Amino acid sequence: MTGGYSRQIVIGRLRAKPLLAGQLLCALAAAGLIVRQAHGAWDYGAGEALRAVLFGNLLASAGIVVALIGFAAFYRAWRRRDAFIWHDGARLYRGTSESWPLPLIRDVVLAKSELGIASLRLVVDDDSEVTRELVKLYLLEDSPEAVRGGVMFAVAGLRGFPAGSVMN
């Protein structure tokens, strides 16, 4: 037991504006799809409008669900924006959903996706050939080099020698 004391060391923060813009776009998409679904059913009452939204065009209903899930994801990231990438001495955390043991992290690399969106990715030594996305660069408030250095310093400090401070 730690007695309620949590050792949280923040490595990276997120920008607020892209997260707020994502929330706004998802909310507008959901509202637009709901209005589109219920447009012809308003004259017959609220029950009929609700049935039209839920069971009208199933593709539009699925779009509403996806927009609401996107809104929730952007909202969760916005709430954690000041401490999005952090570690507690044993694990590296990304938000509240993903974490990796520090001894398994080998490197942090800059990579571009198929669409050309750059992101920081973790090279994790768990016998898989894929890297794990840490954060997209357009969302990152801190410089990518600072976040990479912070992660590598945490990994090196766990191994007993702060080699992360001398690495490029």
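Numbering of residues begins from 1 in every chain and follows the order in which that chain's sequence is written. Confidence filtering applies because this is a predicted model: local features only for residues at pLDDT of at least 70, side-chain atom pairs given and counted only at 80 or more, and all residues used for totals across whole chains, interfaces and linings. Side-chain figures throughout are based on the complete set of non-hydrogen atoms in the structure, without hydrogens or water.

Draft legend 1. Broad picture of the packing of aromatic side chains. By convention, a stacked pair of Phe, Tyr or Trp rings (six-membered ring in the case of Trp) has centres within 6.5 Å and planes under 30 degrees apart, an edge-to-face pair has planes over 60 apart, and any other such pair is tilted. Within the structure shown, the criterion is met by three aromatic pairs. Measuring from centroid to centroid gives 6.5 Å for Phe-71 and Tyr-75, while their planes differ by 10°, and the two rings are stacked. Residue Phe-71 and its partner Tyr-75 are located together in helix α3 (residues 58-79), separated by four residues, close to a single helical turn. A residue is classified by how much of its surface remains accessible, and Phe-71, at 31% relative accessible area, is partly exposed. Type-normalised accessible area, obtained with a 1.4 Å probe on protein chains alone, sets the label of each residue: buried when under 20%, exposed when over 50%, and partly exposed for intermediate values. Taking relative accessible area as the criterion, Tyr-75 reaches 36% and is therefore assigned partly exposed. In textbook terms, an aromatic cluster arises when at least three aromatic residues are bridged by ring pairs, as seen for Phe-71, Tyr-75 and Trp-78. Runs of H or I in DSSP of at least four residues are treated as helices and runs of E of at least two as strands, each being numbered from the N terminus.

Draft legend 2. A look at the side chain of Arg-148. Examined against the element boundaries, Arg-148 turns out to sit in helix α4 (residues 144-158). Under the relative-accessibility criterion, Arg-148 is labelled buried at 18%. Two N or O atoms form a polar contact when they lie within 3.5 Å of each other; inside protein one atom must be a possible hydrogen donor and the other a possible acceptor, and for residues adjacent in sequence the pair counts only when both atoms belong to side chains. At 2.8 Å, the side chain of Arg-148 forms a polar contact with the side chain of Asp-107.

Draft legend 3. Summary view of the pattern of salt bridges. For this document, the term salt bridge refers to a Lys or Arg side-chain nitrogen within 4 Å of an Asp or Glu carboxyl oxygen. Per the counting criterion, the structure on display carries five salt bridges. The partner of Asp-107 in a salt bridge is Arg-148, with the nearest N and O atoms 2.8 Å apart. On the criterion of sequence distance, the pair formed by Asp-107 in strand β5 (residues 105-112) and Arg-148 in helix α4 is long-range, its members being 41 residues apart. Residues joined in a network through salt bridges with shared partners are Arg-121, Glu-133 and Lys-136.

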